[in-house]
Amino acid sequence: MTPIELAGKLHARDAVLLAGRLLLSLIFVHEGLELATHFEGAQKAMTALGVGTPLLLATIALQLGAGLSVALGILARLGAIGLGLFCLMTATLFHTNFASQNELLHFEKDLAIAGGMFILALSGSGRLSVDRVLAAGLAKDTKIDPPIEQHLSVGETSLPV
């Protein structure tokens, strides 16, 4: 299939969903990698905020796991819900000093990202996703039994013989 034929088969909706998924997931994958690769510094900073090591590890796992799930379109709805809830919690637990313009900006940013994640959870990842590729492959491999025939004269159903 040529690139022009491929572009003709793709809908703008799917391309926009892919771009949106990648943009939304970028911040989480990046931050998860930063926390993981600079673990000791992150651990000290989180301890100062009252966040223990188990919660830091869970945060890294969520950001990387759900971030990649959204980016690749593997259980993207579930990943989007997880990240949306994470953003709401982060906003309400860590960015409530509205006297600081920076904190207010982070609060609003977290709310906006949560909104985008919840919209993604409702819309799904579109056709340009790993889930869609896997579902298409599974549908080809699955043989569907023939439907039960209905006899028009009696209105009953029976198995085809």
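Below: a short report on this structure. Model, not experiment: these values are computed from the prediction. (Residues numbered from 1 in each chain as written. Predicted model: local features only at pLDDT ≥ 70, side-chain atom pairs only at ≥ 80, totals over all residues. Heavy atoms only, no water.)

**Things to note about a nonpolar patch on the surface**
Together, Leu68, Leu72, Ile74, Leu75, Leu78, Val130 and Leu134 make up an exposed nonpolar region whose accessible area comes to about 620 Å². Turning to its location among the elements, Leu72 is positioned in helix H4 (residues 53–72). (Patch = residues over 30% accessible without salt bridge, like charges linked within 9 Å, V, L, I, M, F, W, Y side chains within 5 Å. Areas by Shrake-Rupley, 256 points an atom, 1.4 Å probe, with all protein chains shown as cover. Salt bridge = Lys/Arg side-chain N within 4 Å of Asp/Glu carboxyl O. Helix = DSSP H or I, 4+ residues; strand = E, 2+ residues; numbered from the N terminus.)

**Some points on the nonpolar core**
Counting 13 residues, the largest nonpolar core has Phe28, Val70, Ala80, Leu83 and Met117 as its most contacted members. For this core, the secondary structure elements donating two or more residues are helix H2 (12–37), H4, helix H5 (76–94) and helix H6 (101–123). When residues of this core are assigned to their parent elements, the largest contribution, five residues, is made by H6. Leave out the neighbours within four places in its chain, and Leu83 touches Phe28, Leu62, Gln63, Ala66, Gly67, Val70 and Met117. (Core = buried A, V, L, I, M, F, W, Y, C linked by side-chain atoms within 4.5 Å. Buried < 20%, exposed > 50% of the residue type's maximum accessible area, 1.4 Å probe, protein only. Contact = heavy atoms within 4.5 Å.)

**A short note on the layout of surface pockets**
A volume near 730 Å³ is recorded for the largest pocket. If you trace the largest pocket, you find 25 residues lining it, with Met46, Thr59, Gln63, Phe86 and Thr90 closest to the centre. Elements supplying a minimum of two residues to the lining of the largest pocket: H2, helix H3 (39–48), H4, H5 and H6. In terms of residues, the lining of the largest pocket owes the most to one element, H5, which gives six residues. Here the residues of the lining of the largest pocket are counted per class, giving 17 nonpolar, five polar and three charged. Looking at the second largest pocket, its volume works out to about 160 Å³. In terms of lining, the second largest pocket is formed by Arg13, Leu75, Ala76, Arg77, Ser123, Gly124, Ser125, Gly126, Arg127, Ser129, Asp131 and Arg132. A per-class count over the lining of the second largest pocket returns two nonpolar, five polar and five charged. (1 Å grid on protein atoms, 1.4 Å probe; cavity = no way out; pocket = protein on both sides within 12 Å on 5 of 7 lines; lining within 4 Å. Points joined across faces, edges and corners; volume = space filled by probe spheres on them. Nonpolar A, V, L, I, M, F, W, Y, C, P; charged D, E, K, R; others polar.)

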